Amino acid sequence: MANFAKWLGASLGWSFGGPIGGILGFVVGSFIDGFSEGDIKGYQQRIPEGKTRTTTTKSGDFEVSLLILAAIVIKADGNVDRRELDFVRQSFVNMFGASRANKAFKLFSGIIKKNDISARQVCIQIRQHMDHAARLQLLHFLFGIAKSDGLVGPLEIESIRKMSVYLYISNRDFESIKAMFHSKQNAINSYKILEITKDATNDEVKKAYRKMVKKHHPDKIRHLGEEYQKGAEDKFRKIQKAYEQIQKERGM
């Protein structure tokens, strides 16, 4: 139990404060005897005078943000599907290895049981501290979780859409990432992924592709660690595949 608290304290920056800190204090306190929301706040109180906790997004901040938002998405349709839970667990195993993944999933299991989580308040805290590229990656992970049961349902889409608004992610970016998880990857979805229409000229297609490469390049989230770059590389490959499909269709 002490090791869990130590892991939590070492991996978080700004997540100790605000509504996310409150959620962590409540959830962790439910399975670590003597650990409470006050302990979460205590980390901030022990910062030396004149110093402030870093606002840089650490790997743990992204991890906790993903777990909380994933719990909201999974519960959006009123049914906690085992396939979605297994996808979350396996995703963390692939990224972090079994030991860290088990800690993360233990935390997730507590979060998903909490019923009064405000998506708006959580997203406001995230957008205040997390850069745009990392927020886009959060959205990509959330669609992956929603798709893990075979279909991204309308209630899940609406839940993710609301969070994207709270996170200050544009509708163009939302529709682009959503198109990456369509059951059939056709030409229409390829245009949506590149945030253009079929009426675009060849030059506009090339320009759109260069813009997407710059926006979604895995190096944009290098500060979060190699484990999260793997997810960014998956998104990057989907953009490349969309461009190649348009090229083939047009004979470019």
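As a further point, take a positive patch on the surface. Residues Lys206, Lys207, Arg210 and Lys211 make up a contiguous surface patch of positive charge. With respect to the element layout, Lys207 can be found in helix 12 (residues 202-216). Residue classification places Lys207 among the exposed positions, given a relative accessible area of 60%.

The next point concerns the confidence of the model for the protein chain. Across the protein chain, the average pLDDT comes to 81, with 83% of residues at or above 70. A low-confidence stretch, residues 39-54 (pLDDT under 50), is modelled with 22 contacts involving residues beyond four sequence positions or located in other chains.

Turning our eyes to something else, we now look at the environment of Cys123. Mapped onto the elements, Cys123 comes out in helix 7 (residues 119-129). The buried category is assigned to Cys123, whose relative accessible area is 0%. Residues Cys123 and Leu167, spaced 44 residues apart in sequence, show a C-alpha to C-alpha distance of 5.5 Å. With near-sequence residues (within four places) excluded, Cys123 lies in contact with Leu69, Met163, Tyr166 and Leu167.

About the criteria used
- Going along each chain's sequence as written, the residues are numbered from 1 onward.
- In keeping with the model being predicted, local features are shown solely for residues with a pLDDT of at least 70 and side-chain atom pairs are shown and tallied solely at 80 or more, while totals for entire chains, interfaces and linings include all residues.
- With hydrogens and water excluded, all non-hydrogen atoms of the structure serve as input to the side-chain values.
- Like charges are joined within 9 Å and nonpolar side chains (Val, Leu, Ile, Met, Phe, Trp, Tyr) within 5 Å, but only among residues with over 30% relative accessible area and no salt bridge; these make up the patches.
- For accessible areas, the Shrake-Rupley method is used with a probe of radius 1.4 Å. Any residue's cover is judged against the shown protein chains and nothing else.
- Between Lys or Arg on one side and Asp or Glu on the other, a salt bridge is scored when a side-chain nitrogen of the former is within 4 Å of a carboxyl oxygen of the latter.
- In this tally, Asp and Glu contribute negative charge and Lys and Arg positive charge; neither His nor the terminal groups of the chain are included.
- One atom stands in for each charge, and that atom is NZ of Lys, CZ of Arg, CG of Asp or CD of Glu.
- Secondary structure elements follow DSSP: runs of H or I no shorter than four residues count as helices, runs of E no shorter than two count as strands, and numbering proceeds from the N terminus.
- Burial classification: accessible surface area is computed with a 1.4 Å probe over protein chains only, and a residue below 20% of its type maximum counts as buried, one above 50% as exposed, and the rest as partly exposed.
- As a per-residue quantity, pLDDT reports the predictor's confidence and falls between 0 and 100.
- Whether two residues touch is decided by their heavy atoms; if any such pair falls within 4.5 Å, the residues are in contact.

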